[in-house]
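Below are the chains, spelled out letter by letter.
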Amino acid sequence: MTTEAVLPADLETALPTTLFRFATAGSVDDGKSTLVGRLLHDSKAILADQLDAVARTSADRGFGGDKGGIDLALLTDGLRAEREQGITIDVAYRYFATDQRSFILADCPGHVQYTKNTVTGASTADAVVVLIDARKGVLEQTRRHLSVLQLLRVAHVIVAVNKIDLVDFSESVFRGIEADVQQVGRELGLGSDGISDLLVIPVSALDGDNVVERSERTPWYTGPALLEVLETLPAADELESHLESFRFPVQLVVRPQGALAPDAVAAGLDVEAYRDYRAYAGQITEGSVKVGDQVSVLTPGQSPRTTTVVGIDFAGASLQEAAAPQSVAIRLADEFDVARGDTIAAAGTVREASADLYAALCWLSPKPLREGQKVLVKHGTRTVQAMVRSVSGKLDLATFKLEGASSLELNDIGHAQLRLAAPLPLENYLHHRRTGAFLVIDPLDGNTLAAGLVKDHPGDHEDERYSI
Amino acid sequence: MSTSLTEETKVTDAAVSTRLSSLDTLESEAIHIIREVVAEFEKPALLFSGGKDSVVMLHLATKAFWPGKVPFPVLHVDTGHNFPEVIDFRDRTVERLGLKLVVGSVQEFIDRGELAERADGTRNPLQTVPLLDAIQQNRFDAVFGGGRRDEDKARAKERILSLRDEFGQWDPRNQRPELWNLYNGRHTVGQHVRAFPISNWTELDIWRYIERENIELPGLYYAHEREVFARDGMWRAVGEVSQPRPDEQVITKTVRYRTVGDMSCTGAVESNAYTVSDVVVEVAASTLTERGATRADDRISEAAMEDRKKDGYF
């Protein structure tokens with residue numbers, strides 16, 4: 001009934017400063033739930049009432065035999081609907097913090113619909129932790145996971161070789177698996193393409209070796225523990241905010257026309273000065289912008305119009321500059337007709353909008369994709385009608401080869417060409433993780449059918465080292 | 001389409017301002033979601049109870065549309081057992097921001113015989129029917145809520161945009177995958193969407209934000225003296241709808257509330273946190289979850305929240 005306030009000595013310096021999003025992916029029984037439980041437990045994200053509940057259930061189920069103990073996997077136990085069916089339905093989000101960072105963990109189940117779940121978790125992740133059972137080594141499933149992560153351009157891929165205790169902390173076992181992982185990485189371009197990096201760590205989720213603290217039982221491993229890595233890797237925003245290609249999809253026009261916020265007026269807002277206020281609200285998807293910058297306004301069907309940024313506003317504050325992923329409102333020098341769905345971009349950095357869309361599609365629906373099908377494409381802040389012209393193949397995730405196919409089914413990843421009803425400012429996903437991404441939506445029931453990644457047109461310059 | 005402009009990702013020389021703090025990142029994400037929903041839906045509304053999460057939601061909405069007014073009404077489901085000071089705070093806030101307030105009343109449904117009082121006296125689970133009725137009557141197609149994924153394991157799996165059928169039901173097995181920052185809010189007649197822009201915030205984030213932004217809250221979130229009695233391992237306030245049984249002794253304690261629900265199911269915690277910075281310190285050091293510590297409605301069963309959500313709850 002009491003909340004004991006035990007004051008951390010230096011709360012001020014202990015404040016988490018930045019946010020880091022990561023996902024976990026693994027195969028059945030490789031100990032992913034235990035690893036997630038271990039991270040949450042050892043970083044003290046689990047509170048007493050949660051731990052009590054898990055301890056009771058562990059005892060009821062006789063976990064650990066006479067020794068007892070807590071089954072950390074229960075910390076991530078899901079919904080009753082899942083327990084009843086013995087399955088994990090989908091991605092669960094979990095939260096913990098250290099002195100360095102706040103973490104958002106997307107816990108992606110391994111067995112059912114792993115592609116769908118991994119694609120979903122990886123789409124927002126700064127890093128993904130892939131688990132391998134040290135006794136089993138690199139499996140076909142591992143190759144599939146790494147393949148999906150490469151496709152989605154995840155900046156940091158960390159392979160945790162788990163259950164290292166069950167192979168007696170053997171260096172040679174670890175080195176063998178590490179070499180296999182690096183080999184798969186080379187085949188995919190993971191870790192060697194200048195976009196992503198690939199790291200392999202020996203861990204025991206059950207005992208905590210190299211999870212939060214470096215282990216003395218793996219003296220031959222001199223690298224960092226998993227949490228140390230997660231605390232120090234640069235987040236995707238950090239990388240993307242430094243790109244030259246400023247991109248800002250307009251969400252809506254802020255134009256109060258006299259309907260000013262009463263609280264702002266009460267706080268002294270100059271009503272006359274804001275009578276004709278007009279700004280474009282959105283979230284910067286990459287790069288940065290400064291007052292005085294030349295920008296292009298991209299409206300589908302029109303040629304780009306160039307103007308100057310005269311103001312960057314955020315809730316009463318005037319900013320001199322802003323960077324991804326900030327949500328702001330931008331004012332422009334010229335009174336163009338700018339609307340939702342338009343994109344404001346650094347002048348001279350965008351190519352023409354196109355109605356021909358070449359893409360890799362991760363098919364996420366039980367309804368298969370057929371050639372000739374009518375769909376909706378949601379890209380940035382615009383949704384347009386589209387027709388599937390052709391499917392040019394589907395990817396064998398184990399061999400990384402494109403096989404002939406004329407349709408795509410649930411969990412397939414394939415290439416397709418779509419014709420759009422209106423041109424969109426499409427960019428290659430390889431270099432633009434936001435403006436190169438889109439959703440394919442079923443116009444009948446509104447469900448999301450696929451995650452789409454824009455590719456360059458066949459024939460355009462493209463790195464063909466790997467097939468997707 | 002073959003210019004070389006986008007082939008390479010170029011990095012600017014000019015160092016951009018240092019990385020955003022986690023609060024700034026969460027704030028930007030929430031504002032992006034609020035703006036998306038306003039842009040794509042015909043008639044959104046925001047659930048506003050005067051509780052800290054809904055107060056933060058409303059604060060984010062004012063920032064999203066500054067200098068314009070918040071472009072949607074607020075909706076409150078009044079159990080009839082609310083703390084009077086919270087209702088007073090609600091009314092003052094609505095007036096300050098010039099908003100329209102829609103109230104769904106549990107009491108009216110009970111008076112009309114369309115809802116029955118529960119044996120345990122709690123009215124929180126009874127909010128679902130008036131909520132769905134208000135959504136239908138007002139033709140709201142999107143309803144903002146202050147739900148957070150760290151609150152409960154059912155919430156941990158719910159999407160930021162959560163599609164509800166004509167009965168308001170959540171189907172955890174049939175959720176749309178949510179990719180990148182592209183939110184799919186398409187729905188058909190009768191369906192609506194619940195939007196949870198602060199899904200990724202924790203209780204501590206909420207308090208740090210309240211401190212940073214200097215946001216006003218109802219006074220009962222801070223330490224004060226109150227007549228209470230012990231029940232179900234919680235301190236219950238003495239009030240019109242919350243009376244001690246003969247064997248329950250009333251004492252005066254210095255307490256505060258971590259969550260504000262209805263008086264019949266929300267417990268207070270002993271606390272000396274008189275200011276927002278005291279609360280930040282207290283929450284950072286807390287050893288109990290906020291719902292575990294203070295909500296009788298979540299103790300009904302291990303899957304209490306999951307069951308309520310499937311029936312159309314917040």
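See the structure above.
What comes next is a walk through the structure. Just so it is clear, the structure is predicted and the values come from calculations on it, not from any experiment.

Observations regarding the overall build of chain A
Helix and strand counts for chain A come out as 10 helices and 24 strands. Burial statistics for chain A: of 468 residues in total, 51% are counted as buried. Taking as baseline every contact in chain A between residues at least 6 positions apart, the subset at least 24 positions apart corresponds to 70%.

Quick notes on the environment of Arg-148 of chain B
Residue and element names in this part refer to chain B. If you trace the backbone, Arg-148 turns up in the loop between β4 (142-144) and β5 (161-164). Residue classification places Arg-148 among the buried residues on the basis of 23 C-beta atoms within 10 Å. Separated by 10 residues in sequence, Arg-148 and Glu-158 place their C-alpha atoms 9.4 Å apart.

With respect to the sheet that holds strand β10 (residues 269-270) of chain B
Reading across the sheet, the 4 strands line up as β8-β7-β9-β10 (chain B) and stay open at both edges, with antiparallel pairing between neighbours. Strands with a single pairing partner mark the edges of an open sheet, and in this sheet they are β8 (234-237) and β10 of chain B.

Describing the pairing of strand β9 (residues 251-256) of chain B
Residue and element names in this part refer to chain B. Pairing analysis gives 5 bridges linking strand β7 (residues 224-231) to β9, with the strands arranged antiparallel. Bridge pairing links Arg-226 to Lys-253 in β9. Of the strand pairs in this sheet, β9 and β10 are connected by 2 bridges, and their pairing is antiparallel. Counted as the bridge partner of Val-255 is Glu-270 from β10.

Topic: the pairing of strand β19 (residues 382-396) of chain A
Residue and element names in this part refer to chain A. Direction of pairing for strand β18 (residues 374-379) relative to β19: antiparallel, over a ladder of 6 bridges. Counted as the bridge partner of Leu-376 is Gln-385 from β19. Adjacent in sequence and paired antiparallel, β18 and β19 are bridged by 2 residues, among which Gly-380 carries a positive phi angle near 60°. In terms of strand pairing, β19 meets strand β20 (residues 401-403) through 3 bridges, oriented antiparallel. Pairing of Asp-396 across the sheet is with Lys-401, part of β20. Between β19 and the antiparallel strand that follows it, β20, lie 4 residues; Phe-400 among them carries a positive phi value of about 65°.

Some words on helix α5 (residues 128-137) of chain B
Residue and element names in this part refer to chain B. Along α5, the residues that are buried comprise Thr-128, Pro-130, Leu-131, Leu-132, Ala-134 and Ile-135. Those residues of α5 that are buried lie in contact with β2 (74-78), β3 (101-105), α4 (106-111), β4 and β6 (192-195). Phi turns positive, to about 55°, at Arg-139, one or two residues after α5.

Concerning the sheet that holds strand β4 (residues 127-133) of chain A
Residues and elements named next belong to chain A. If you trace the 6 strands from one edge of the open sheet to the other, you get β2-β3-β1-β4-β5-β6, paired in mixed fashion. Looking at strand neighbours, the two that pair on one side only are β2 (92-97) and β6 (197-202), the edges of this open sheet. Averaged over all pairs of adjacent strands, the angle between strand axes in this sheet comes to 25°, irrespective of strand direction. Relative to strand β5 (residues 156-162), β4 is paired through 7 bridges, and the arrangement is parallel.

Some thoughts on unusual backbone geometry
In this structure, the amide linkage connecting Ala-324 of chain A to the following residue, Pro-325 of chain A, adopts the cis form with an omega of 5°. Checked against the element boundaries, Pro-325 of chain A lands in the loop between β13 (321-323) and β14 (327-332). Each neighbour pair has its own omega, and for Trp-66 of chain B with Pro-67 of chain B the value is 0°, a cis peptide bond. With respect to the secondary-structure elements, Pro-67 of chain B resides in the loop between α2 (52-65) and β2. Despite not being glycine, Arg-153 of chain A shows a phi value in the positive range, around 55°. By secondary structure assignment, the location of Arg-153 of chain A is in the loop between α6 (140-151) and β5. Given 20 C-beta atoms within 10 Å, Arg-153 of chain A falls into the buried group. For Ala-315 of chain A, which is not glycine, the phi torsion reads 50° and is therefore positive.

Some points on the nonpolar core
One finds Phe-22, Val-128, Val-157, Ala-160, Val-161 and Leu-361 of chain A together with Leu-46 of chain B to be the most contacted residues of the largest nonpolar core, which totals 205 residues. Those residues in contact with Leu-46 of chain B that lie beyond four places of it in its chain are Met-57, Leu-58, Ala-61, Phe-72, Val-74, Leu-75 and Phe-144 of chain B.

Quick notes on the packing of α2 of chain B against helix α6 (residues 203-213) of chain B
Packed helix pairs are characterised by how far apart their axes lie and by the angle those axes make with each other. Residue and element names in this part refer to chain B. At their nearest, the axes of α2 and α6 sit 11 Å apart, and the two run at 50° to each other. In terms of orientation, α2 lies oblique with respect to α6. The handedness of the crossing between α2 and α6 comes out as left-handed. On the side of α2, the interface is formed by Lys-52, Asp-53, Val-56 and His-59, while α6 contributes Ile-206, Tyr-209, Ile-210 and Glu-213. Class assignment of the residues belonging to the contact of α2 with α6 gives a composition of 4 nonpolar, 1 polar and 3 charged.

The rules behind the values
- Residues numbered from 1 in each chain as written.
- Chains lettered and ligands numbered in written order.
- Predicted model: local features only at pLDDT ≥ 70, side-chain atom pairs only at ≥ 80, totals over all residues.
- Helix = DSSP H or I, 4+ residues; strand = E, 2+ residues; numbered from the N terminus.
- Buried ≥ 20, exposed ≤ 12 C-beta atoms within 10 Å, placed from the backbone.
- Contact = placed C-beta atoms within 7 Å.
- Pairing = 2+ DSSP bridges.
- Axes fitted to C-alpha atoms, helices over the stretch in contact; angles between N-to-C directions.
- Core = buried A, V, L, I, M, F, W, Y, C linked by C-beta atoms within 7 Å.
- Parallel < 35°, antiparallel > 145°, perpendicular 65-115°, else oblique.
- Left-handed = near helix turned anticlockwise from the far one by under 90°.
- Nonpolar A, V, L, I, M, F, W, Y, C, P; charged D, E, K, R; others polar.

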